[in-house]
Amino acid sequence: MRHFTNVHDLGDLKAAVKEALEVKSNRFAYKHLGQDKTLMMIFFNSSLRTRLSTQKAAMNLGMNVIVLDVNQGAWKLETERGVVMDGDKPEHLLEAIPVMGCYCDVIGVRSFARFESKSDDYEEKILNQFIRYSGRPVFSMEAATRHPLQSFADLITIEEHKKTEHPKVVLTWAPHPKALPQAVPNSFAEWINQTDYEFVITHPEGYELAPQFVGNAHVEYDQRRAFEGADFIYAKNWAAYADPHYGQVISTDRAWTVDSEKMALTNNAFFMHCLPVRRNMIVSDDVIESPQSLVIPEAANREISAQVVLKRILESL
Amino acid sequence: MRHFTNVHDLGDLKAAVKEALEVKSNRFAYKHLGQDKTLMMIFFNSSLRTRLSTQKAAMNLGMNVIVLDVNQGAWKLETERGVVMDGDKPEHLLEAIPVMGCYCDVIGVRSFARFESKSDDYEEKILNQFIRYSGRPVFSMEAATRHPLQSFADLITIEEHKKTEHPKVVLTWAPHPKALPQAVPNSFAEWINQTDYEFVITHPEGYELAPQFVGNAHVEYDQRRAFEGADFIYAKNWAAYADPHYGQVISTDRAWTVDSEKMALTNNAFFMHCLPVRRNMIVSDDVIESPQSLVIPEAANREISAQVVLKRILESL
Amino acid sequence: MRHFTNVHDLGDLKAAVKEALEVKSNRFAYKHLGQDKTLMMIFFNSSLRTRLSTQKAAMNLGMNVIVLDVNQGAWKLETERGVVMDGDKPEHLLEAIPVMGCYCDVIGVRSFARFESKSDDYEEKILNQFIRYSGRPVFSMEAATRHPLQSFADLITIEEHKKTEHPKVVLTWAPHPKALPQAVPNSFAEWINQTDYEFVITHPEGYELAPQFVGNAHVEYDQRRAFEGADFIYAKNWAAYADPHYGQVISTDRAWTVDSEKMALTNNAFFMHCLPVRRNMIVSDDVIESPQSLVIPEAANREISAQVVLKRILESL
């Protein structure tokens with residue numbers, strides 16, 4: 001595997017989960033793979049879990065790690081050719097990206113949707129320029145439209161906890177005060193669509209995800225009906241995708257908050273969320289603190305998903 | 001030793017100092033202990049000496065180190081249950097702390113007194129939540145009420161330089177333009193009270209430390225009398241502890257600055273300060289630059305105190 | 001070699017380039033040298049290439065690395081003795097520097113010209129205080145008047161690409177909207193003056209560099225005439241050195257931008273720049289993207305120049 005930006009890069013998912021569980025049982029078995037190899041983690045946006053778990057995964061593999069925080073406002077990269085650079089952007093990405101590639105063996109990039117241009121976001125302009133110009137294997141640490149390390153960790157977590165072969169998995173929108181990217185729900189849908197689970201997406205009207213991510217999922221606008229018989233409830237907020245409201249908050253209806261009354265409709269479902277989570281907006285205190293809450297094991301599996309991805313990239317160098 | 005937050009966690013101090021001197025003479029003798037172990041250093045407040053010395057100590061022990069700077073204002077953690085998190089705090093500590101624990105083996109935390117609530121500060125609300133929820137050994141890199149890595153380094157420094165078995169050690173308040181926590185003087189007093197030194201604390205009226213830290217020390221309001229015959233002068237500013245002035249500057253009297261005239265009253269005492277120090281407020285240029293000044297050896301011993309603490313935690317894993 | 005601040009510290013340049021090419025062909029051959037050694041990189045100014053390439057070089061040598069970003073405005077160091085430190089500067093450099101030296105084996109410092117005082121800048125006040133007070137080998141990661149790691153990388157790059165024994169090398173000023181230090185052109189001139197190349201410096205009147213750096217170079221105010229027959233064009237902006245305009249922008253004349261029409265005057269010259277570069281101010285898109293552009297190989301050689309410097313310092317410990 002050279003680059004890792006979506007579910008298809010990983011190939012057979014059952015084999016990937018099997019490899020993840022092997023790595024999890026012996027994290028230091030592949031320390032020789034990363035010897036004299038350097039990972040550069042480039043953050044255009046802030047990060048807690050991804051920063052820590054990916055760094056840990058790389059160290060498990062014996063890699064050196066360099067972390068570069070590109071302050072969101074401060075380091076402005078010019079992206080257009082032909083511009084006279086006499087303004088506030090001191091460097092062009094056509095130089096910055098190959099230079100960063102000079103000093104490492106593998107590059108991780110975090111670059112969120114900016115909600116300024118739907119086409120810029122959905123064409124993954126920044127991530128693709130790293131792939132094109134860095135000369136190095138590149139993996140997504142959450143890009144504009146997908147968060148594949150999160151989705152892989154989610155899949156591992158479901159596989160570890162499922163009680164039936166084909167569990168019912170429900171992705172539910174929940175309210176939030178700010179406009180959040182669609183990367184996590186897009187990516188979750190993309191991954192679950194590659195499994196043989198029963199998959200339902202529920203959200204208020206107007207919050208439809210892009211069709212290429214919805215795929216074969218059943219979309220249900222009645223959250224309670226969606227929850228009936230569910231084995232896993234995956235909650236997440238996202239801003240609207242459909243025009244003319246792209247990137248906007250069009251509802252903060254707290255009737256969509258996941259609470260114990262709604263969880264009672266499920267098949268004693270596990271609760272999942274990628275974190276950070278706003279309590280009593282997305283989910284009630286009692287649900288997130290219940291024995292069925294998987295938010296911490298899910299976060300712990302971020303180390304494992306990152307390690308499998310790095311391991312496969314190192315093996316292909 | 002699992003956690004390290006105060007003098008009592010270290011057990012017999014003579015044994016601890018002996019171990020420190022052994023570590024100091026051969027810093028890399030325990031490199032195997034930290035193999036495949038990760039230290040996470042979490043800073044809620046800025047740091048120079050603690051950041052550098054603890055990182056060095058961990059590397060001496062062969063550990064991997066991840067440093068997380070929690071920008072003081074930016075990353076606001078909700079601490080109360082039941083709150084609807086629709087404001088400026090995007091994550092609850094009940095998720096953040098166990099997640100941080102997922103990706104490491106040992107956690108160091110710096111979290112100063114905020115002077116907003118005396119009980120929150122003196123109950124060590126933040127530090128104790130890390131101990132309770134992280135699932136990992138936790139050590140203080142200066143908490144609200146104590147700075148035990150500093151005090152341990154101070155003790156090592158005194159033991160290295162003392163010329164009599166039971167030296168007279170004087171902790172003196174000195175002026176400073178801003179309100180500083182009591183962590184360093186509290187902790188110094190807590191440690192010196194565990195030795196067989198003669199211990200005097202001197203400060204203007206109104207600057208009394210909490211009784212549980214003063215312990216059996218002799219409190220002397222006349223600084224000159226306190227200095228008579230002293231072997232070690234330990235200078236530090238702190239804000240008032242006693243109500244109704246908790247956390248306030250109630251004097252900036254430069255008559256309390258440590259200068260060579262006052263040092264002449266001592267038994268050719270060594271001068272100590274934890275740094276950073278404001279010259280000519282806390283201490284005059286000539287005293288801090290004199291051969292009797294121990295401020296640099298004291299700072300150098302921060303690496304040693306941190307290494308003993310990490311070594312003992314690693315040994316107990 | 002103990003300290004590295006200018007070309008003379010490196011001794012014989014032909015031997016240094018030879019060593020660089022050996023290191024480049026086998027970067028991990030000296031990993032034992034850095035075992036249990038710690039590099040501290042101290043940045044008073046921001047950095048991309050220097051930060052990444054020096055860290056990579058140190059890791060190639062097996063060193064531990066601690067990076068300390070001294071926020072430009074936030075961490076104010078008092079530099080004068082005798083001051084009553086009751087203002088906004090919480091620490092004196094006379095304490096800060098030896099403390100930083102306590103926790104490492106080698107120190108790298110970046111501290112740009114501030115353009116507040118020509119004598120402070122040209123006396124290298126900050127860098128020299130690190131040399132004097134840290135107790136450690138110190139190397140420049142760009143100081144007020146020189147950027148020797150860049151110049152060494154430039155020299156390696158020229159040696160790798162030159163087609164004649166004594167190439168004609170032209171350092172040309174080019175326009176830029178902001179006032180930039182003279183460190184890069186000063187240092188480039190200092191290094192090229194130590195070679196047997198033909199060396200020409202071209203710039204508008206008023207942009208004369210300090211005579212000690214110009215040395216034996218031929219200064220030509222007509223940029224086109226300077227370019228005739230050149231083998232290497234090294235472009236860079238700098239602010240005026242000569243009084244009364246020290247540190248000021250006295251021209252942004254885009255007639256000095258390097259473009260393909262001017263490059264046609266040369267002997268099919270290579271184009272060089274230290275980066276970051278403002279396109280269509282310093283150089284046109286087509287020149288920097290042409291096969292003759294060496295900006296990326298030049299940046300890649302920053303890892304090599306840093307590794308030779310660190311290797312020599314480690315060998316002398």
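Residues numbered from 1 in each chain as written. Chains lettered and ligands numbered in written order. Predicted model: local features only at pLDDT ≥ 70, side-chain atom pairs only at ≥ 80, totals over all residues. Heavy atoms only, no water.

Student: Got a minute to help me understand the overall build of chain A in this structure?
Tutor: A tally of helices and strands in chain A yields twelve helices and eleven strands. Taking 2.2 N^0.38 as the reference for a compact globule, 317 residues should give roughly 20 Å; the C-alpha atoms of chain A span a radius of gyration of 20 Å, in line with that estimate. Classification of the 317 residues of chain A by burial places 62% in the buried group. Expressed as a percentage of contacts within chain A between residues at least 6 apart in sequence, the contacts between residues at least 24 apart total 79%. (Helix = DSSP H or I, 4+ residues; strand = E, 2+ residues; numbered from the N terminus. Rg over C-alpha atoms; globule rule 2.2 N^0.38 Å. Buried < 20%, exposed > 50% of the residue type's maximum accessible area, 1.4 Å probe, protein only. Contact = heavy atoms within 4.5 Å.)

Student: What's the story with the UniProt feature "domain: Aspartate/ornithine carbamoyltransferase Asp/Orn-binding" (unreviewed entry) in chain A in this structure? I'm lost.
Tutor: Taken from the UniProt record, the annotation "domain: Aspartate/ornithine carbamoyltransferase Asp/Orn-binding" (unreviewed entry) applies to residues 184-310 of chain A. Helix makes up 33% of residues 184-310 of chain A and strand 13%, and the two end C-alpha atoms of the span are 20 Å apart. (UniProt positions renumbered as here; feature names shortened; annotations may be inferred.)

Student: Looking at this model, I keep getting lost on the relation of the copies chain B and chain A. Mind explaining?
Tutor: The operation relating the pair of chain copies consists of a rotation about an axis and a translation along that axis. Its rotation angle being 120 degrees, the transformation that places chain B on chain A also includes 0.0 Å of axial translation and leaves an RMSD of 0.0 Å. Such values leave the two copies arranged in the relation of a three-fold axis. (Least-squares fit on C-alpha atoms with pLDDT ≥ 70 in both.)

Student: Looking at this structure, how should I read the packing of aromatic side chains?
Tutor: The geometry of two aromatic rings is summed up by the distance between their centres and the angle between their planes. Taken as a whole and judged by the stated rule, the model has 39 aromatic pairs over all chains. Where W173 of chain B meets Y207 of chain B, the ring centres are 4.6 Å apart and the plane angle is 35 degrees; that geometry is what we call tilted. Linking W173 of chain B in strand 7 (residues 168-173) with Y207 of chain B in the loop between strand 8 (198-202) and helix 8 (211-214), this pair joins segments that are 34 residues apart in sequence. One exposure class covers both W173 of chain B and Y207 of chain B, and it is buried. Here the aromatic rings of W173 of chain C and W256 of chain C are separated by 6.1 Å at their centres, their planes lie at 85 degrees, and the arrangement is edge-to-face. Of this pair, W173 of chain C sits in strand 7 (residues 168-173) while W256 of chain C sits in the loop between strand 10 (232-236) and helix 10 (260-263), placing them 83 residues apart in sequence. A single burial state applies to W173 of chain C and to W256 of chain C, both of which are buried. (Phe/Tyr/Trp six-rings, centres within 6.5 Å; stacked < 30°, edge-to-face > 60°.)

Student: Can you help me understand the interface of chain B and chain A in this one?
Tutor: You'll often see interface size given as the accessible area lost when the parts meet. Between chain B and chain A, the residue contacts involve 28 residues of the former and 28 residues of the latter. A combined buried area of about 2,500 Å² lies between chain B and chain A, and 61% of that area is made up of carbon and sulfur atoms. Per-residue buried area on chain B facing chain A is highest for D36, E95 and Y103 of chain B; these three make up 27% of the total on that side. Where chain B meets chain A, there are four salt bridges. (Buried area = accessible area lost by both parts, 1.4 Å probe. Salt bridge = Lys/Arg side-chain N within 4 Å of Asp/Glu carboxyl O.)

Student: Please explain the sheet that holds strand 9 (residues 218-220) of chain A as it appears in this structure.
Tutor: Strand pairing in a sheet relies on backbone hydrogen bonds. The paired strands run either parallel or antiparallel. Residue and element names in this part refer to chain A. Strand order in this open sheet of five strands is 9-8-7-10-11, and the pairing throughout is parallel. Strands with a single pairing partner mark the edges of an open sheet, and in this sheet they are strand 9 and strand 11 (270-272). Pairs of neighbouring strands in the sheet enclose a mean axial angle of 25 degrees, with direction left out of account. With five bridges joining them, strand 7 (residues 168-173) and strand 10 (residues 232-236) adopt parallel strand pairing. Of the residues in strand 10, the one forming a bridge with T172 is A235. (Pairing = 2+ DSSP bridges. Axes fitted to C-alpha atoms, helices over the stretch in contact; angles between N-to-C directions.)

Student: Please explain the nonpolar core as it appears in this structure.
Tutor: General note: in soluble globular proteins, nonpolar side chains tend to be found buried as a group. Residues F139 and F271 of chain A together with F130 of chain B are the most contacted members of the largest nonpolar core, which totals 102 residues. Per element, the largest residue contribution to this core is nine residues, and it comes from helix 12 (residues 295-315) of chain A. Among all residues touching F271 of chain A, those that are not within four sequence positions of it are I233, A235, V258, M263, V283, V287, I288, Q292, S293, L294 and V295 of chain A. (Core = buried A, V, L, I, M, F, W, Y, C linked by side-chain atoms within 4.5 Å.)

Student: How should I be thinking about helix 7 (residues 183-192) of chain B in this particular structure?
Tutor: Helical geometry note: an α-helix holds 3.6 residues per turn, so side chains three or four residues apart project in the same direction. Burial runs high along helix 7 of chain B: ten of the ten residues are buried. Taken together, the buried positions of helix 7 of chain B are A183, V184, P185, N186, S187, F188, A189, E190, W191 and I192 of chain B.

Student: Before we go on, may I ask you to explain the environment of T266 of chain B in this structure?
Tutor: All names here are of chain B. Tracing the sequence through the fold places T266 in the loop between helix 10 (260-263) and strand 11 (270-272). In this structure the C-alpha to C-alpha distance between T266 and D231, which are 35 residues apart in sequence, comes to 6.7 Å. The contacts of T266, once residues within four sequence positions are left out, are F227, G229, A230 and I233. Engagement of the side chain of T266 in a polar contact is seen with the backbone oxygen of M263, the distance being 2.6 Å. (Polar contact = N/O pair within 3.5 Å; in protein donor to acceptor, adjacent residues only side chain to side chain.)

Student: Even after reading the chapter, I still don't get the interface of chain C and chain A, so can you show me in this structure?
Tutor: Taken together, the contacts link 29 residues of chain C with 29 residues of chain A. Across the chain C/chain A interface, buried area totals approximately 2,400 Å², and carbon plus sulfur atoms make up 60% of it. Ionic pairing is found between R81 of chain A and E289 of chain C, a salt bridge with its closest N-O pair at 2.7 Å. Counting every contact that joins chain C to chain A gives ten residue pairs in polar contact (both at pLDDT 80 or more). Of all the secondary structure elements, the ones that give two or more residues to the side of chain C that touches chain A are helix 2 (49-60), helix 11 (285-288) and helix 12 (295-316) of chain C. Residues belonging to the side of chain C that touches chain A are distributed by class as follows: 14 nonpolar, three polar and twelve charged. (Nonpolar A, V, L, I, M, F, W, Y, C, P; charged D, E, K, R; others polar.)

Student: For this particular structure, what's the right way to read the pattern of salt bridges?
Tutor: Pairing is possible between side chains that carry opposite charge, provided their charged atoms lie close to one another. Considering all chains together, one arrives at 63 salt bridges over all chains under this definition. Between E22 of chain B and K18 of chain B there is a salt bridge, and its shortest N-O distance comes to 3.8 Å. Placement of both E22 of chain B and K18 of chain B in helix 1 (residues 13-25) is noted, with a separation of four residues, approximately one turn of the helix. Given a relative accessible area of 41%, E22 of chain B falls into the partly exposed group. With a closest N to O distance of 3.8 Å, K125 of chain C and D120 of chain C form a salt bridge. Judged by relative accessible area, D120 of chain C falls into the partly exposed class, the value being 31%. One network of salt bridges, in which partners are shared, links R81 and E95 of chain A together with R279, D285 and E289 of chain C.

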